[in-house]
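# Fold and contact review
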Amino acid sequence: PISKAQVVRAGNDVTIIAYGTMVHVAEAAARSLGLDAEVIDVRTIVPLDAQTLCESVQRTGRCLIVHEATRFAGFGAEISATIQEQCFWQLQAPIGRVAGWDTPYPHAFEWEYFPGQKRVAMALEAVMSAS
C-alpha cells in the first residue's frame, strides 16, 4: 500500500534502505558479503514510512542508504536526516550513503553513473567496520 515501506529481506546486522532498482542491487551486495542485512524498500517517499525505517535501524544499529539520484540534495539525505534525528542514540556507526555521482551524465555512461553492486558492497564493508 501507499505510504508503507516493505521489508524485502529481514536481517540483524545492518539496515539497508533503498527504492526502485537499487533494492535489488543492495540485496545482491549484502548477499555477496554474507551479511545478515535487513533490506527495506521505501516504496513511497511522500509520505515516508519513517516508523518502519527507524524500528529497523534502532534494532540493527547500522544503516546504509542506497539510491540512484545524486548524493548532494538527493532524497537519501532526507532519509539520513530522519534516521539521525530519530535513532541517534542507537547508531553504532555513521549512516552510510551510496548514490549517483554529483554530475550530469550522458546516457551512454548510465551504468557507470548508477551505484552498482561493487560500490554498495564497499559501503557496506565500511559501515560494518566503523565503530
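The structure under discussion appears in the preceding block.
The following refers to the structure shown. Quick caveat: nothing in here was measured; it's all calculated off a predicted structure.

Parameters and conventions
Residues take numbers from 1 onward in each chain, read along the sequence in its written order. In view of the model being predicted, local features appear only for residues whose pLDDT reaches at least 70, and side-chain atom pairs are presented and counted only at 80 or more, with totals across whole chains, interfaces and linings using the full set of residues. Working from all heavy atoms in the structure, the side-chain values ignore hydrogens and water. Stacked, tilted and edge-to-face pairs are distinguished by plane angle, under 30 degrees for stacked and over 60 for edge-to-face with tilted covering the rest, among Phe, Tyr and Trp rings (Trp via its six-membered ring) whose centres lie within 6.5 Å. Burial status follows relative accessibility: with a 1.4 Å probe on protein chains alone, a residue under 20% of its type maximum counts as buried, one over 50% as exposed, and anything between as partly exposed. In our convention, an over-ring charge means Lys NZ or Arg CZ found within 6 Å of a ring centre and within 35 degrees of that ring's normal. Residues belong to one nonpolar core when they are buried, are Ala, Val, Leu, Ile, Met, Phe, Trp, Tyr or Cys, and are joined through side-chain atoms within 4.5 Å. Comment: elements are numbered from the N terminus, with helices defined as DSSP H or I runs of at least four residues and strands as E runs of at least two. The criterion used for residue contact is that any of the two residues' heavy atoms lie within 4.5 Å.

## Structural notes on the packing of aromatic side chains
- Per the stated rule, a full pass over the model turns up 2 aromatic pairs.
- Each ring, one from Y113 and one from F114, has its centre 5.5 Å from the other, and the planes form 70°; the classification is edge-to-face. The pair Y113 / F114 is uniform in exposure class, with both members buried.
- The cationic tip of R119 hangs over the ring face of W101; the distance from NZ or CZ to the ring centre is 3.9 Å.

## Considerations on the nonpolar core
- In terms of nonpolar packing, the biggest core is built from 20 residues, with I16, L64, V66, V120 and L124 touching the most fellow members.
- At the level of elements, β2 (14-18), α1 (22-33), β3 (37-41), β4 (63-70) and α5 (117-129) are the ones that each hand at least two residues to this core.
- The dominant element in this core, judged by the number of residues it contributes, is α1, at 6 residues.
- Here V66 is in contact with I16, I17, A18, Y19, M22, A26, V98 and V120, once residues within four sequence places are set aside.

These figures come from the coordinates and say nothing about function on their own.
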